[in-house]
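# Fold and contact review
Next come the chains, spelled out residue by residue.
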Amino acid sequence: MTTQYENISPDLLWECCRTRNAFLTKRKQAGGVQFSRDPLNLLNKHSRKYAGFINDQAIGVQPDSNTVKLITKVSGRGNKPAAMYHESSFSASTPSRKLFKSVVSSTAKKGYRSDLRAETVARASAVKTSQREKKETKQATKLRGSKAKKAKEADASSSS
């Protein structure tokens, strides 16, 4: 649905599709806020800047079976849906700093949507955090010193 025809501008497409499209989610609560389910939308915010199906260059970060998947849209392949996206995956064991550096170097440093650098890193961080295993709750720490003596005396006096 992107700029499949060379003579249609993305701005014109946005004006036609902004009120009704498959990715738009409207909520009447909270003042009628609008969200987007577009996989190439980093903030899930319904706006022209973040709309992945409108822009020729778009970035998406998605979770995928214990990996972080970076999806970029290859401009000039709008009429070839199978070859329109470039995907690269980072395993769960990839250190966070290395993940962020490679995300930035593969997108913003090459001049590919450098305005979305902070949003891309934030989304990758959130996905990586969500995939982290939950730690078991700690048991209460053992009381030491005067607090332990007071607790022992209180326990002895209440049991007798």
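Residues numbered from 1 in each chain as written. Predicted model: local features only at pLDDT ≥ 70, side-chain atom pairs only at ≥ 80, totals over all residues. Heavy atoms only, no water.

## A look at helix H3 (residues 117-130)
Compared with an ideal rise of 1.5 Å per residue, which puts 14 residues at 20 Å, H3 spans 20 Å between its outermost C-alpha atoms and is within 8% of the ideal. Three or more residues of H3 are buried, namely Glu 119, Thr 120, Arg 123, Ala 124, Val 127 and Lys 128. Buried residues of H3 fall within an arc of 165° about the axis and therefore sit on the same side. At its buried positions, H3 is contacted by strand S3 (59-64), strand S4 (67-73), strand S5 (85-91) and helix H2 (96-106). (Helix = DSSP H or I, 4+ residues; strand = E, 2+ residues; numbered from the N terminus. Expected span 1.5 Å × (residues − 1). Buried < 20%, exposed > 50% of the residue type's maximum accessible area, 1.4 Å probe, protein only. Arc of directions from axis to C-beta. Contact = heavy atoms within 4.5 Å.)

## A word on the UniProt feature "domain: Ribosomal eL28/Mak16" (unreviewed entry) in the protein
UniProt records the feature "domain: Ribosomal eL28/Mak16" (unreviewed entry) for residues 12-129 in the present numbering. For residues 12-129, the helix share is 25%, the strand share is 22%, and the end-to-end C-alpha distance is 38 Å. (UniProt positions renumbered as here; feature names shortened; annotations may be inferred.)

## Topic: the pattern of salt bridges
For the coordinates displayed, the defined rule picks out four salt bridges. Where Asp 11 meets Arg 48, a salt bridge forms, and the shortest distance between an N and an O atom there is 3.1 Å. With Asp 11 in helix H1 (residues 10-17) and Arg 48 in the loop between strand S2 (34-36) and S3, the pair connects residues that are 37 residues apart, well separated along the chain. Note on Arg 48: relative accessible area 23%, which makes it partly exposed. Put simply, Glu 15 and Arg 18 hold a salt bridge, and the shortest N to O gap is 3.5 Å. The class for Glu 15 is partly exposed, based on a relative accessible area of 49%. (Salt bridge = Lys/Arg side-chain N within 4 Å of Asp/Glu carboxyl O.)

## Regarding the nonpolar core
Formed by 13 residues in total, the largest nonpolar core has its most connected members in Ile 59, Val 61, Leu 70 and Leu 99. Elements with a minimum of two residues in this core: S3, S4, H2 and H3. For Leu 99, the residues in contact, after removing those within four places along its chain, are Val 68, Phe 90, Thr 94, Ala 124 and Lys 128. One finds Leu 13, Ala 51, Phe 53 and Ile 54 within the second-largest nonpolar core, a separate group that totals six residues. (Core = buried A, V, L, I, M, F, W, Y, C linked by side-chain atoms within 4.5 Å.)

## Let's talk about the packing of aromatic side chains
On inspection of all chains with the given rule, the structure shows one aromatic pair. Judged by centre distance (5.5 Å) and plane angle (45°), the ring pair of Phe 23 and Phe 53 falls under tilted. Here the residue Phe 23 occupies a position in the loop between H1 and strand S1 (24-26), and Phe 53 occupies one in the loop between S2 and S3, the gap between them amounting to 30 residues. A relative accessible area of 8% places Phe 53 in the buried class. (Phe/Tyr/Trp six-rings, centres within 6.5 Å; stacked < 30°, edge-to-face > 60°.)

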